[in-house]
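So you can see what is in the structure, the chains are spelled out below.
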Amino acid sequence: MGMPPREDRRSAYARGYTKRWARAAQNFRVRHPLCGMRPNGQRPVMSRCFDEDRATPATQTDHVIPHRGDAILFNDAINNWQALCLECHTRKTQAGL
């Protein structure tokens, strides 16, 4: 299932996942520590933990709308980031979202 890896896919660093991103993502999870948490009480996308009212620690900072290289979507922590656990993040990614 999911999308097969593309041979032309750029490195994570080239796609923006730098040390600066890692710090921002970590800071986001400090403020939003549970799977499914988003700023301003926005509803998460594909967080089974949230839907089932489970308090699961978030380990991933996810882009709600895949940025596909769009710097505005990539950096929009208020509207386009959510905290997810690894299981929910993997499920969302495999769904192509």
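Conventions and cut-offs
- Numbers given for residues are sequential positions, taken from 1 along each chain in its written order.
- Given that the model is predicted, a residue must reach a pLDDT of at least 70 before its local features are reported, and side-chain atom pairs must reach 80 or more before they are shown or counted; all residues, however, enter totals for whole chains, interfaces and linings.
- Only heavy atoms go into the side-chain values, all of them from the structure, while hydrogens and water stay out.
- Each Phe, Tyr or Trp ring (for Trp, its six-membered ring) is paired with any other whose centre lies within 6.5 Å, and the angle between the two planes then decides the class: stacked below 30 degrees, edge-to-face above 60, tilted in between.
- Secondary structure elements follow DSSP: runs of H or I no shorter than four residues count as helices, runs of E no shorter than two count as strands, and numbering proceeds from the N terminus.
- Any residue under 20% of the maximum accessible area for its type is buried, any over 50% is exposed, and the rest in between are partly exposed; the area is computed with a 1.4 Å probe on protein chains only.
- Under this definition, polar contacts are N or O atom pairs within 3.5 Å; protein pairs additionally need one hydrogen-donor-capable and one acceptor-capable atom, and for neighbouring residues in sequence, both atoms have to be side-chain atoms.
- Any two residues whose heavy atoms approach within 4.5 Å at even a single point are treated as in contact.
- Nonpolar cores were defined as sets of buried Ala, Val, Leu, Ile, Met, Phe, Trp, Tyr and Cys residues, with membership established by side-chain atoms within 4.5 Å.
- Basic side-chain nitrogens of Lys or Arg form a salt bridge, by our definition, when they fall within 4 Å of a carboxyl oxygen of Asp or Glu.

Participant: Looking at this model, I keep getting lost on the packing of aromatic side chains. Mind explaining?
Facilitator: Each aromatic ring pair is characterised by the separation of its centres together with the angle its planes make. Across all of its chains, the model carries five aromatic pairs by this definition. Here Tyr-17 and Phe-74 contribute two aromatic rings whose centre-to-centre distance is 5.2 Å and whose plane-to-plane angle is 70°, an arrangement assigned as edge-to-face. Residue Tyr-17 is found in the segment before helix 1 (19-31), and its partner Phe-74 is found in helix 3 (residues 71-75); the two are separated by 57 residues along the sequence. Of the residues examined, Tyr-17 reaches a relative accessible area of 27% and is grouped as partly exposed. Accessibility expressed as a relative area gives 9% for Phe-74, which makes it buried. Between Phe-28 and Trp-81, the ring centres sit 5.5 Å apart and the planes meet at 75°, which makes this aromatic pair edge-to-face. Here the residue Phe-28 occupies a position in helix 1, and Trp-81 occupies one in strand 2 (residues 81-84), the gap between them amounting to 53 residues.

Participant: So what exactly am I meant to see when it comes to the side chain of Gln-82 here?
Facilitator: Locating Gln-82 in the fold gives a position in strand 2. Here Val-45 takes part through its backbone nitrogen, which lies 2.9 Å from a polar atom of the side chain of Gln-82. Here Gln-82 is in contact with Phe-28, Met-37, Arg-38, Pro-44, Val-45, Gln-60, Thr-61, Asp-62, Val-64 and Lys-92, once residues within four sequence places are set aside.

Participant: I tried to follow the environment of Ala-55 on my own but got confused; where do I start?
Facilitator: Counting through the fold element by element, Ala-55 comes out in the loop between helix 2 (48-51) and strand 1 (60-63). In this structure Ala-55 comes out as exposed when scored by relative accessible area, which is 62%. Spatially, the C-alpha atom of Ala-55 lies 9.3 Å from that of Pro-33, the residues being 22 residues apart in sequence.

Participant: What is the right way to look at the nonpolar core in this model?
Facilitator: Inside soluble globular proteins, nonpolar side chains tend to come together where they are buried. Membership of the largest hydrophobic core is limited to eight residues, which are Trp-21, Ala-25, Phe-28, Ala-58, Phe-74, Ala-77, Trp-81 and Ala-83. Going through the elements one at a time, helix 1 and strand 2 are the ones with two or more residues in this core. For this core, the element with the highest residue contribution is helix 1, accounting for three residues. Once residues within four sequence positions are removed from consideration, Ala-83 is found in contact with Phe-28, His-32, Leu-34, Cys-35, Gly-36, Met-37, Ala-58 and Gln-60.

Participant: Help me understand the pattern of salt bridges, please; the structure alone is not making it clear to me.
Facilitator: Where charged atoms from two side chains of opposite charge approach closely, those side chains can pair. Applying the stated criterion across every chain, the model contains four salt bridges. Linking Arg-54 and Glu-52 is a salt bridge whose minimum nitrogen-to-oxygen distance equals 2.9 Å. Given a relative accessible area of 46%, Glu-52 falls into the partly exposed group. Between Asp-62 and Lys-92 there is a salt bridge whose closest N-O contact spans 3.0 Å. Note that Asp-62 is positioned in strand 1 and Lys-92 in helix 5 (residues 86-94), a separation of 30 residues in sequence. For the residue pair Asp-62 and Lys-92, the accessibility class agrees, reading buried in each case.

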